[in-house]
Every structure is written in structure tokens, then in C-alpha cells.
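Summary of the model geometry
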Amino acid sequence: MGSSRMVSVTVPSPNHSGQRAYKVTRITPHCMVGQLTAKQCGGLFARSSYQASSNYGIGKDGEVGLYVDEKNRSWCSSSADNDNRAITIECASGASAPYALNEKVW
């Protein structure tokens, strides 16, 4: 898998659309709405029944996970157009508004 050198956990997800239709032009962070580790988040995305994924995830401890290779479109932001153009990053966050990220995630 093509990935950042920051990755320390790899949990491949089947939840993607294959190769992107467009070149990458943006980064889209997304809140997990929970304090999960990168491995726990990857475990959710590894289930085809979950129907969601991201290219990367940052766990509550700051560890970085890879779930969908950068060349592929993840199912992260509820927008096919955005996900085709973005590297998506699922971030551990608070479980309620304002979905704050802790210092290690930042």
C-alpha cells in the first residue's frame, strides 16, 4: 500500500471504490465521534458491513493507521466527489459537539 511514513498500524478495508477518478487536491479530516485507537477504527472499517472507511486514521493516542491506499477512493465524507479528490483522515474525537480533538490527535 502507498502510504505516509507516519503510519504505524495497517488494517486494510474492503470499503472503497478502487482507483480515484481525479487527482488528489485536498485533505478531508473527519471526526470518529469517539475515542478509538487507530487499530480499533481500522477494525470497524475492515468489516464490509460497516460501509465506511478513510485513507488514514489518527487514534486517541496519536498513532496513525492506514486503511485505504492513497490511490483509492475511501468512503469517508458522504460525498463521492470529495472522496475522489481527497486524502481522508478519520480523527479520534469527543463523542458529542463540538467533537474536540485531543492534543495527541492534533
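In case you missed it, the structure is sitting above this.
Residues numbered from 1 in each chain as written. Predicted model: local features only at pLDDT ≥ 70, side-chain atom pairs only at ≥ 80, totals over all residues. Heavy atoms only, no water.

A short note on the side chain of Glu90
- With respect to the element layout, Glu90 can be found in strand 7 (residues 86-91).
- Among buried Asp, Glu, Lys and Arg side chains, Glu90 stands out as unpaired, with Arg47 the closest opposite charge at 13 Å.
- Polar side-chain contacts of Glu90 include one of 3.0 Å to the side chain of His30.
- Excluding anything up to four places from it in sequence, Glu90 contacts His30, Cys31, Met32, Cys41, Phe45, Ser54, Tyr56, Gly57, Ile58 and Cys76. (Helix = DSSP H or I, 4+ residues; strand = E, 2+ residues; numbered from the N terminus. Buried < 20%, exposed > 50% of the residue type's maximum accessible area, 1.4 Å probe, protein only. Lys, Arg positive; Asp, Glu negative; His and termini not counted. Salt bridge = Lys/Arg side-chain N within 4 Å of Asp/Glu carboxyl O. Polar contact = N/O pair within 3.5 Å; in protein donor to acceptor, adjacent residues only side chain to side chain. Contact = heavy atoms within 4.5 Å.)

Points about the nonpolar core
- The biggest cluster of nonpolar side chains holds 19 residues, and the ones touching the most others in it are Tyr56, Ile58, Tyr67 and Ile89.
- When contributions to this core are tallied by element, the ones reaching two or more residues are strand 1 (7-10), helix 1 (38-45), strand 4 (56-58), strand 5 (64-66) and strand 7. (Core = buried A, V, L, I, M, F, W, Y, C linked by side-chain atoms within 4.5 Å.)

A look at helix 1
- Here helix 1 has its buried residues at Ala38, Cys41, Gly42 and Phe45. Within helix 1, the buried residues cover an arc of 100° as seen down the axis, which keeps them to one side.
- Where helix 1 is buried, its residues touch strand 4, strand 5 and strand 7. (Arc of directions from axis to C-beta.)

Things to note about the pattern of salt bridges
- Scanning the entire structure with this criterion turns up one salt bridge.
- Here Asp81 makes a salt bridge to Arg85, at a shortest N to O gap of 3.1 Å. One end of the pair, Asp81, and the other, Arg85, are both in helix 2 (residues 80-85), four residues apart, so they sit about a helical turn from each other.
- The partly exposed category is assigned to Asp81, whose relative accessible area is 40%.

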